[in-house]
Amino acid sequence: MKARRIVYLVHSMIYSSLAARDPRVLRDTNAGIYLERERLCERRWRAALLQLEPDALYSQLAGGGEFLAWAREQLGEDRVIEPRAEWRDGKEIEVYRRELSDSFLAQLAGKGHSLDLETTRLELWGESFTGCVYGYGTALARHLGLKIPPFVDFDMTVPDERLLCKAELVAHFLLPGSPVRGYLFESPLGFPVGLFIEGFRRQDGGAAGRIRIPVDCNKVTVENAAGITLYADLVVDRPNRRIPIEPVRGFEGIAATDEGLEIPRGMPCCILGLRVSPETLLEAMQNAAVTED
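Residues numbered from 1 in each chain as written. Predicted model: local features only at pLDDT ≥ 70, side-chain atom pairs only at ≥ 80, totals over all residues. Heavy atoms only, no water.

1. A short note on the pattern of salt bridges
Working step 1: What the rule picks out here adds up to 20 salt bridges.
Working step 2: A salt bridge links arginine 4 to aspartate 55; the shortest N-O distance between them is 3.8 Å. Note that arginine 4 is positioned in the loop between strand E1 (2-3) and strand E2 (5-10) and aspartate 55 in the loop between helix H3 (32-50) and strand E3 (56-61), a separation of 51 residues in sequence.
Working step 3: Judged by relative accessible area, which is 56%, arginine 4 ranks as exposed. (Salt bridge = Lys/Arg side-chain N within 4 Å of Asp/Glu carboxyl O. Helix = DSSP H or I, 4+ residues; strand = E, 2+ residues; numbered from the N terminus. Buried < 20%, exposed > 50% of the residue type's maximum accessible area, 1.4 Å probe, protein only.)

Okay, structure coming up:
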């Protein structure tokens, strides 16, 4: 069979496993919100797998053994791929990812399947959105030689970003001529959040290139996945004056220019539109320019 679509579930059921071993871990680390999101995703994963097209394959990297067994029961052994490789301390992450991809390709061929590199789509689910799903999923797409950038399906992932656990995905899009995908969310706090994901970038090679977003830098802030503010220089507009809001924050690689906000490619971070509308932030993101250096 020539697979038109591959669903790749990465590191599923992490928080369910933690809760089963020691419920206090989630309580003590205030991580219950992630377990809640994971349970929502599991319901979505099961429903989506039952609707998987006959020419689609399911692949799972580690994670929930019971879920993998259930997927095999529903789809049949020939449509399920479980890439494996040995991890040891000191092994380079890109070497490990390559070995996982080699395992995927060997099982693909052994089950009599093939890919069309021009049209096969890779869809990424699991935990976490901008962490392992992004890292392992984009590596697989790169190693397979797929031409279509992989799609990290936010609604099928558990984000590390607490702010996004209860956020609503408003839109996602590829920047023209680029493997960079933008996402716009409406946060539960009432302001929009933007984020970019690089489709094929090697995460071990550093963030090469820039994303230039034509937005007023005095109306947005930037956070990392842990919720730490990387950039902030907010200003409140008043008649005949602009009032700075302290504190100001700066981070290497993030810059404010006359044209807008610059962030590194390959470094997913949240752009919080604290003083702009969702429509304004979306328009700015859709008009972002991507550079190679």
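More follows now that the structure is in view.
2. Looking at the sheet that holds E2
For sheets, the rule is that strands pair by backbone hydrogen bonds, running either parallel or antiparallel.
Working step 1: Spatial ordering of the open sheet is given by E4-E3-E2-E6-E7, a layout of five strands whose pairing is parallel. Two strands close off the open sheet at either side, each with one partner strand: strand E4 (80-81) and strand E7 (151-158).
Working step 2: Of the strand pairs in this sheet, E2 and strand E6 (residues 121-127) are connected by six bridges, and their pairing is parallel. Counted as the bridge partner of leucine 9 is tryptophan 125 from E6.
Working step 3: Packing against the sheet, helix H6 (residues 132-144) makes contact with E2, E3, E6 and E7, and its axis sits at approximately 155° to E6. (Pairing = 2+ DSSP bridges. Contact = heavy atoms within 4.5 Å. Axes fitted to C-alpha atoms, helices over the stretch in contact; angles between N-to-C directions.)

By themselves, these observations are geometric and do not establish any function.
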